[in-house]
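Structure at a glance
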Amino acid sequence: MKTRIDEELDKLDLGTMSLSTLVEEALGIITSSLNNSYGKARIREIAQEIEEKGKSLEGSCINLLLKFHPVARDLKRISSTLCTIRDLCRIGDNSLDFCEMLDYLSSTEICNEIGLLDMALNVKKMLSDAISAFVSKDAEKAKSVEAFDDVIDKFFSDARKKLCAVIRSGKDGYEEAVDVVIGAKYLERMGDHAASIAHSVIEECGTVEESKSEG
Amino acid sequence: MKKEGLFKFLFAAAALFSVLAVVVISLFLFASAFPTIKEIGPINFLFGKIWKPSNDIYGIFPMIVGSVYVTGISILIGVPLGLFTALYMTYFAPKRLYRVMKPAVELLAGIPSIVYGFFGLMVLVPLFRSIFGSGKSIMTASVLLSFMILPTIITVSESSLRALDNSLLEGALALGDTKEKAVFRVMVPAASSGILSSVILGVGRSIGETMAVVMVAGNQPRIPGGVLDGVRTMTANIVLEMGYATDLHREALIATGAVLFVFVLILNLSFSLIRRKK
Amino acid sequence: MSEKMKTENLHLFYGEKEALKGIDISIGEKQIVSLIGPSGCGKSTFLRCLNRMNDLIKDCRIEGKIYYNGLDIYAPSSDTARLRKNVGMVFQKPNPFPFSIFENIAYGPKTHGMRNKVKLQETVEKALSEAGLWNEVKDRLNSSAMGLSGGQMQRLCIARALAVEPDVLLLDEPTSALDPISTEKIEELLLTLKDRYTIVIVTHNMQQALRISDMTAFFLLGEMVEYGETTKMFYSPQDKRTEDYITGRFG
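Just so it is clear, the model here is predicted, and its values are computed rather than measured. (Residues numbered from 1 in each chain as written. Chains lettered and ligands numbered in written order. Predicted model: local features only at pLDDT ≥ 70, side-chain atom pairs only at ≥ 80, totals over all residues. Heavy atoms only, no water.)

All right, on to the sheet that holds strand β5 (residues 71-72) of chain C then. The pairing of strands in a sheet comes from backbone hydrogen bonds and takes either a parallel or an antiparallel form. Residues and elements named next belong to chain C. As summarised here, the arrangement of the four strands in space is β2-β1-β4-β5, forming an open sheet in which the pairing is antiparallel. One side of each edge strand has no neighbouring strand; the edge strands of this open sheet are β2 (17-28) and β5. Across eight bridges, the pairing between strand β1 (residues 3-14) and strand β4 (residues 60-68) is antiparallel. Each bridged residue has a counterpart across the sheet, and for H11 the counterpart in β4 is E63. Across the sheet, helix α1 (residues 43-50) touches β1, β2 and β4, and the angle it forms with β1 is around 120°. (Pairing = 2+ DSSP bridges. Helix = DSSP H or I, 4+ residues; strand = E, 2+ residues; numbered from the N terminus. Contact = heavy atoms within 4.5 Å. Axes fitted to C-alpha atoms, helices over the stretch in contact; angles between N-to-C directions.)

Here it is in structure tokens:
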């Protein structure tokens, strides 16, 4: 039976999905920036849109909590949506920070050396999978996203080692290596947030499945 | 709009009619009574112990005493009996018994007073004569009157009790009280206003009862010595002699009616005061 | 935590109609247990079993067992008056007696034999203090209880129940006829009483159950569908029927 709260929750889902589209676009700009086709102005716009939309969606969640005093599965759904919205907003922030880091570099050569583009493409895929797991409430998919975070973490630690070597060697442009480390850290953070989105999906689904099997 | 005005007028007219009736009756009674009592002398009339119209002596004190005794004792018998019956019917009677009792009580209310009088004459008088030696007495009249006021007391008390919220009784029971005690400690006080009304109605009927009393009270116009003595009530006095009374005699009887009326007024007023105090 | 009251396979029949179908519940000491469920599902009926108030209803038959402090309340040797002294009840619509405030509170103790005037005064004061009403009425104990506001009347009824020193309090939707502020006062009161009494409350208001109770039982059509810790039940109910009811998707 469809009730008012169901309709409101569906609207909320639509909003979250359009937020995630914006975030995916931001990640697209990162990957294309690393390929030297720059979208600097656009990233600022998108980041602004993400922040505004995120605030408005958060407000809707609070509103629903206020109006409906939800319990059980409704509460879990709003709770996980709220977490997802916040994670998406953080990813948007990180994307802006990353592109601003690129501003400081004279060239993307050093990035290519450590395979930063690869890392970015993987993070983009991770986010995409996390969002589709959120939309379809697919716990299996979410679990694989969560697991993939280890890969991103490994990417980061390898990149860090390579950049430390560059700094120690005193090669040309070694000061930029420091900025690139920071940039890589942003990507790793984005991976963590994508994993967090996947985790809320597992939380939401996992307990419903438990109760279904016992009920 | 016009219809509303019409109905308002009709309602007002009906109400006024009742008020008018009381006013007219009072006027008639008092207009006649005052000069009569003045002529006989208030003390001679109200406190005179001898009633002998043939000698122009009009003391109605014995009749006042008679009415008071007969009404008083009928109340003493009828009220507790009526109240307990009402309590039984409301709280303890099984459904089947109630379905018999209720119409029986209502029937009792409808029996004409002359029929009660016959019952008294045919049954109570011989019975009391054989038990107590005296057939027509205050006792017989009081007992008969108590039967007559029972239906009033029972029905009005019962409806007051039934009108009470049952949650009051539940509240008392939930505190550990028994139903029997709780009914007396909580429900009767709660319905006291209604029960008092039933008593007022009972007293009113009793004091105004004429035919039945005339047939069983003995009708001797003297102050009774005890409950087994015959007595004449004010009402009996009027009905027994009105047929042939003339001049002052007749007016004295009308004045007796006025005194009766005053009694009823006083009774009603005092009950109202008691009610207001609550 | 010891068990205060228990029912085993409790069935209740109104004539032919089965109103309670095999209720098994254990109520622990000094807890607040709330009974929730749609109208007519048996929760008030069940509550009234615990102090044998259903004895007053004709054609009402009980099967199964009910225990208070381990003793069968329907055993031939058991004393109903004593049971009702120990297991007090407060009703949905406040039902003060049409007497003075003092007489209302003193009714219970007097019923159980208390005659000493000084003791009665003390008992009345203690009960009114426990119910949080003493300061509001101490100057007018002899005035009629009918002059109190709805919320005060209900607290009076609670004080009246407390005056006989029960250890279990049964409340049948005690705040459903009251305004939100009176409701809050009574909820606060129940939370303070929890230290000393075991409380079972029937409520239509799920938020209320969430706010004050430790355990919740969900009744549906005479059955007890689920019984468990309140926050757990409202977050992750075990039974789909429970979830449908608490999320408002009934019907």
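From this point, things continue past the structure.
To continue, consider the confidence of the model for chain A. Residues and elements named next belong to chain A. Per-residue pLDDT for chain A has a mean of 88; in total, 93% of the residues score no lower than 70. Here helix α4 (residues 109-114) stands out as the least confident element of chain A, with mean pLDDT 80; helix α2 (residues 40-68) is the most confident, with 93. Low pLDDT, under 50, characterises residues 211-215; the predicted model gives this stretch four contacts beyond four residues in sequence or across chains. (pLDDT = per-residue confidence, 0-100.)

With that settled, consider the packing of aromatic side chains. One pass over the structure, following the stated rule, counts 12 aromatic pairs over all chains. Centroid distance F128 of chain B to F132 of chain B: 5.6 Å. Interplanar angle 90°. Geometry classified as edge-to-face. In this pair, F128 of chain B and F132 of chain B both sit in helix α5 (residues 113-132), four residues apart, roughly one turn of the helix. Here F132 of chain B falls in the partly exposed class, since its relative accessible area comes to 39%. The structure contains a cluster of three or more aromatic residues connected by ring pairs, namely F30, F34 and F261 of chain B. Between K179 of chain B and the ring centre of F92 of chain B, over which it is positioned, the NZ or CZ distance is 5.3 Å. The ring of Y107 of chain C carries R185 of chain B above its face, with NZ or CZ at 3.9 Å from the centroid. (Phe/Tyr/Trp six-rings, centres within 6.5 Å; stacked < 30°, edge-to-face > 60°. Buried < 20%, exposed > 50% of the residue type's maximum accessible area, 1.4 Å probe, protein only. Lys NZ or Arg CZ within 6 Å of the ring centre and 35° of its normal.)

Attention now goes to the interface of chain C and chain A. Taken together, the contact between chain C and chain A spans 15 residues of the former and 14 residues of the latter. When the buried area of chain C at its contact with chain A is split by residue, Y235, Q238 and R249 of chain C rank highest and sum to 49% of it. Our count for the contact surface shared by chain C and chain A stands at four salt bridges. Among the salt bridges present, the one from E243 of chain C reaches R73 of chain A, with a minimum N-O distance of 3.0 Å. For the interface between chain C and chain A, the tally reads seven residue pairs in polar contact (both at pLDDT 80 or more). (Buried area = accessible area lost by both parts, 1.4 Å probe. Salt bridge = Lys/Arg side-chain N within 4 Å of Asp/Glu carboxyl O. Polar contact = N/O pair within 3.5 Å; in protein donor to acceptor, adjacent residues only side chain to side chain.)

Here the focus is the packing of helix α3 (residues 61-92) of chain B against helix α6 (residues 138-162) of chain B. The relative placement of two packed helices comes down to the angle between their axes together with the axis-to-axis distance. All names here are of chain B. One way to put it is that α3 packs onto α6 with a least axis distance of 6 Å and a crossing angle of 35°. Along this stretch, α3 crosses α6, giving a crossing that reads as right-handed. Among the residues forming the contact of α3 with α6, the class breakdown is 21 nonpolar, eight polar and two charged. (Left-handed = near helix turned anticlockwise from the far one by under 90°. Nonpolar A, V, L, I, M, F, W, Y, C, P; charged D, E, K, R; others polar.)

Let us look at unusual backbone geometry. All names here are of chain C. For K30, which is not a glycine, the phi torsion comes out positive at approximately 50°. One can find K30 in the loop between β2 and β3 (32-36). Using a relative accessible area of 41% as the deciding quantity, one classes K30 as partly exposed. Positive phi, close to 45°, is recorded for E173, a residue that is not glycine. Here E173 lies in the loop between β7 (168-172) and α7 (180-193).

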